[in-house]
Amino acid sequence: MKLLYGGLSPFVRKVMIVAHEKGLADRLERVPAPVNPLQPLDLAIAVNPLGKIPALTLDDGTVLYGSTVVAEYLDALDGAPCFFPSGAARWAALRRNALGDGILEAGQLVRIEGLRPEERRWDDWKKVQLLKVMNGLDAAEKEAADLATETLTIGEVALVCALGWFDVRLPDAAGWREGRPALAAWFETVSRKASVAATAPRVPA
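Everything numeric here is computed off the predicted structure, so don't read it as measured data. (Residues numbered from 1 in each chain as written. Predicted model: local features only at pLDDT ≥ 70, side-chain atom pairs only at ≥ 80, totals over all residues. Heavy atoms only, no water.)

Structural notes on the sheet that holds strand E4 (residues 63-65)
1) Next: Taking strand neighbours across the sheet as the criterion, the four strands line up as E2-E1-E3-E4 in an open arrangement whose pairing is mixed. Of all the strands in the sheet, the pair left with one neighbour each is strand E2 (29-32) and E4. Each strand of the sheet is rotated relative to its neighbour by a mean of 25 degrees, with strand direction disregarded.
2) Next: Two strands pair when backbone bridges link them, and strand E1 (residues 2-5) and strand E3 (residues 55-57) are joined in this way by three bridges, in the antiparallel orientation. When the sheet's bridge partners are listed, Lys2 is paired in E3 with Thr57.
3) Next: On the sheet, helix H3 (residues 67-76) packs against E3 and E4 and is oriented at approximately 120 degrees with respect to E4. (Pairing = 2+ DSSP bridges. Helix = DSSP H or I, 4+ residues; strand = E, 2+ residues; numbered from the N terminus. Axes fitted to C-alpha atoms, helices over the stretch in contact; angles between N-to-C directions. Contact = heavy atoms within 4.5 Å.)

Okay, structure coming up:
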């Protein structure tokens, strides 16, 4: 299987955490495709019409894209899915996945706004996106005590990837630990898990 990836992509990281946990990391041929929000990448577009990563090409040529879709496929390969549980737990996991992805997507819009020339920046737009980030973080804080640190679901994976991305890409814009001690404590603990530590974003020196 071939995985289009970018080293700092939190959505690729979601997939890789699942791959590590399921013992599949060595089966993925990782093809570098560092996408840029300001410039389309032909390699990514050739596989995914949206030009986004991750995108997974299966052995039969089928392409899957979207981090949640790819993660669920990998989770189900051994017939014993755990990141996408059944019953009520599934809806809690998917809701937290949506929360983590939503926080992340709003944060990425904040970052992109900061890449514009100063005279073209829209402060009101940035404030709205930061409000989404803060509200999402507050929601995560309220249920931090219920977040797993060992047997993760896709919900915890999405949240840890979002928080890790903020530490690297927007360390000052959100200040997400301030006023959220339970969430910060959970993040510190879960970040020591082998699959999470192995996929931690690292900015090249």
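Back to the write-up after that little detour.
Section: the state of the cysteines
1) Next: In total, this model carries zero disulfides according to the counting rule given.
2) Next: In this model Cys82 remains outside any disulfide bridge; the closest cysteine sulfur is found in Cys161, 15 Å from its own.
3) Next: Exposure remark for Cys161: the relative accessible area of 1% places this residue in the buried category. (Disulfide = S-S within 2.5 Å. Buried < 20%, exposed > 50% of the residue type's maximum accessible area, 1.4 Å probe, protein only.)

What to know about the pattern of salt bridges
1) Next: Tallied over the full model, the rule gives 13 salt bridges.
2) Next: Residue Glu72 is joined to Arg90 by a salt bridge in which the shortest nitrogen-to-oxygen separation is 3.4 Å. Here Glu72, found in helix H3, pairs with Arg90, found in helix H4 (residues 88-115); they are 18 residues apart in sequence, far enough to count as distant.
3) Next: Taking the shortest distance from any N to any O, the salt bridge between Arg192 and Glu188 comes out at 3.9 Å.
4) Next: Of the residues examined, Arg192 reaches a relative accessible area of 57% and is grouped as exposed. (Salt bridge = Lys/Arg side-chain N within 4 Å of Asp/Glu carboxyl O.)

Some words on the pairing of E2
1) Next: Sheet analysis places E1 next to E2, joined by four bridges and oriented parallel. Considered in E2, the bridge of Leu4 is made with Val31.
2) Next: What joins E1 to E2 is helix H1 (residues 10-21), and the crossover it makes is right-handed. (Right-handed = clockwise from strand over helix to strand, strands pointing away.)

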